[in-house]
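What follows is the residue order along each chain.
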Amino acid sequence: MTTLPAVEKPPTVLQDTPAARPKTGFRRYWHLYAAISPFYLLFLAFGLIPVGFSLYLSFHRWDGLGSMEWAGLAQYQYLLTDSDFWQSIGNTIIIWALATFPMIFLAMVTAVMLNSAVRFKNVYRFAYFLPNVTSIVAIAIIFGSVFSTNFGLMNALLQAVGLDQVAWLNTPWGIKVAIATLMTWQWTGYNAIIFLAGLQTIPSDLYEAARIDGAGPVQTFFRITLPLMRPVLLFVLVVSTVTGLQSFAEPQVLLQTTANESTFSGGPDHAGRTMVLYFFQQTFDNNDFGYGAAVAWGIFLVVVLFSIINWRLVQRRGEA
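Residues numbered from 1 in each chain as written. Predicted model: local features only at pLDDT ≥ 70, side-chain atom pairs only at ≥ 80, totals over all residues. Heavy atoms only, no water.

The name recorded for the protein in an unreviewed UniProt entry is Cytochrome c biogenesis protein, from Streptomyces spinoverrucosus. Within the UniProt record for the protein, the comment given under Subcellular location (unreviewed entry) is "Cell membrane". (UniProt positions renumbered as here; feature names shortened; annotations may be inferred.)

The following block contains the structure:
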């Protein structure tokens, strides 16, 4: 019986049609984009569009009701010569310095103590983190009582050691110290938890080797802990700069009972009027939305500048 040779089947030629082409890019992953689209839609509506509108508004004069009037760069030219704005910058920087550096020191010490604790670690962490999640309005009201001139706890302590009372909320430096103390108490525990997370990433072998070589606790901290914690320290410093330079609720609530002009005046001699407080005063007290937008962009530039300076200082010190 003769076997016929097998006949090869000709290869199938795919037609280059839209239905036959493989789906790539957006068409292939459209359902994934649809799943994350609510975030971007909300960001567009409540983030990007308001930011763009504020930049557009800063070139106009507008009281919030009438028609806008083109002002060009006049708002920014006046901003550069506005003594009240420069005073608010000085107040903000002083308060930020009085709050940030003690806060970072206390947070680092607290983190080292929490890292070496053996019992009740979670209880300590909760206790130190609690001030950050407490309402800032409630905290400011309590601190207003603590720094009260006649019945405050601070003056009671001063009298107990034989010192005179201090009108904390009626003198320029007293106001700044009160606000800085409030901010330090609020953020120390939060940053201590961040430092604690960084400390737990350092291998214990390094500490054992240093202990064998005869290094003490102080040498171990400055030669091992601090250099390895530099990225965490940089993060805490930048975040503290951004939040500290945008302080608003602390002076607004703490000084609202002592302000004679408005809710956003910042107390006597405007000593507690921060940049954001000045922005609210111009926008909502004076109804000058155009100039308020220019002030907001000025605040943005100041915060960016200080963040870059802090980042460069920490990086340069680490390289040295």
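Draft legend 1. Molecular detail of the overall build of the protein. When its secondary structure is counted, the protein shows 13 helices and 2 strands. For the protein, the proportion of its 320 residues judged to be buried stands at 35%. Long-range contacts, defined here as pairs at least 24 residues apart, represent 64% of the contacts in the protein between residues at least 6 apart. Accessible surface for the protein amounts to roughly 20,000 Å². Of this, 67% is attributable to carbon and sulfur atoms. (Helix = DSSP H or I, 4+ residues; strand = E, 2+ residues; numbered from the N terminus. Buried < 20%, exposed > 50% of the residue type's maximum accessible area, 1.4 Å probe, protein only. Contact = heavy atoms within 4.5 Å. Areas by Shrake-Rupley, 256 points an atom, 1.4 Å probe, with all protein chains shown as cover.)

Draft legend 2. The pattern of salt bridges, seen in detail. Applying the stated rule across the entire model yields 1 salt bridge. Taking the shortest distance from any N to any O, the salt bridge between Asp84 and Arg273 comes out at 3.5 Å. Within this pair, whereas Asp84 is found in helix 3 (residues 83-116), its partner Arg273 is found in the loop between helix 11 (249-254) and helix 12 (275-285), the two being separated by 189 residues in sequence. Using a relative accessible area of 3% as the deciding quantity, one classes Arg273 as buried. (Salt bridge = Lys/Arg side-chain N within 4 Å of Asp/Glu carboxyl O.)

Draft legend 3. Region of interest: the side chain of Arg273. A distance of 3.5 Å separates polar atoms of two side chains, one belonging to Arg273 and the other to Asp84. A distance of 3.2 Å separates the side chain of Arg273 from the side chain of Gln87, its partner in a polar contact. If sequence neighbours within four positions are ignored, Arg273 has contacts with Asp84, Gln87, Ser88, Asn91, Phe264, Ser265, Gly266, Tyr278 and Gln281. (Polar contact = N/O pair within 3.5 Å; in protein donor to acceptor, adjacent residues only side chain to side chain.)

Draft legend 4. Fine view of empty space enclosed by the protein. Across all of its chains, the model carries 1 cavity of 30 Å³ or more by this definition. Taken as a whole, the largest cavity encloses approximately 110 Å³ of empty space. Lining the largest cavity we find 13 residues, and of these Met103, Trp187, Ser240, Thr243 and Gly244 sit closest to its centre. Mapped onto the lining of the largest cavity, the elements with two or more residues apiece are helix 3, helix 7 (172-199) and helix 10 (230-244). (1 Å grid on protein atoms, 1.4 Å probe; cavity = no way out; pocket = protein on both sides within 12 Å on 5 of 7 lines; lining within 4 Å. Points joined across faces, edges and corners; volume = space filled by probe spheres on them.)

Draft legend 5. Examining the nonpolar core more closely. The biggest cluster of nonpolar side chains holds 21 residues, and the ones touching the most others in it are Phe143, Phe147, Leu169, Ile179, Leu182, Leu254 and Leu255. Put simply, the parts of the chain that give this core at least two residues each are helix 3, helix 5 (136-146), helix 7 and helix 11. Here the element with the most residues in this core is helix 7; it accounts for 6 residues. Once you skip the residues sitting within four places of it in the chain, Leu254 turns out to touch Ala140, Phe143, Gly144, Leu169, Ala178, Ile179, Leu182 and Ala249. Within the second largest apolar cluster, 17 residues are counted, among which are Leu114, Leu199, Leu237 and Val314. (Core = buried A, V, L, I, M, F, W, Y, C linked by side-chain atoms within 4.5 Å.)

Draft legend 6. Just the UniProt feature "transmembrane region" (unreviewed entry) in the protein, in detail. Under the feature "transmembrane region" (unreviewed entry), the UniProt entry names residues 30-59, 93-114, 126-153, 173-197 and 289-309. For residues 173-197, helix accounts for 100% and strand for 0%, while the C-alpha atoms at its two ends are 35 Å apart. The span residues 289-309 is 100% helical and 0% strand by assignment, and the distance between its end C-alpha atoms comes to 30 Å.

Draft legend 7. Up close: the layout of surface pockets. In this structure, the largest pocket occupies an estimated 1,000 Å³ of space. In terms of lining, the largest pocket is formed by 31 residues, of which the most central are Met108, Phe221, Phe222, Thr225 and Leu226. Those elements that provide at least two residues to the lining of the largest pocket are helix 3, helix 8 (204-212), helix 9 (217-228), helix 10 and helix 13 (289-319). With 9 residues, the single largest contributor to the lining of the largest pocket is helix 3. Split by residue class, the lining of the largest pocket holds 21 nonpolar, 7 polar and 3 charged. (Nonpolar A, V, L, I, M, F, W, Y, C, P; charged D, E, K, R; others polar.)

Draft legend 8. Highlighting the packing of aromatic side chains. Enumeration over the complete set of coordinates arrives at 21 aromatic pairs. Here the aromatic rings of Phe39 and Tyr40 are separated by 5.1 Å at their centres, their planes lie at 80 degrees, and the arrangement is edge-to-face. The exposure class of Tyr40 is partly exposed, given its relative accessible area of 49%. Relative to Phe147, the ring of Phe143 lies with its centre 6.2 Å away and its plane at 25 degrees, an arrangement referred to as stacked. Taken as a pair, Phe143 and Phe147 share a single burial class, namely buried. Through successive ring pairs, a cluster of aromatic residues spans Trp62, Phe248, Phe279, Phe280, Phe284 and Phe289. (Phe/Tyr/Trp six-rings, centres within 6.5 Å; stacked < 30°, edge-to-face > 60°.)

Draft legend 9. How the structure looks around a nonpolar patch on the surface. Together, Tyr29, Leu32, Tyr33, Ile36, Phe39, Tyr40, Phe43, Leu44, Leu48 and Ile49 make up an exposed nonpolar region whose accessible area comes to about 1,000 Å². Within the fold, Leu48 resides in helix 1 (residues 30-57). (Patch = residues over 30% accessible without salt bridge, like charges linked within 9 Å, V, L, I, M, F, W, Y side chains within 5 Å.)

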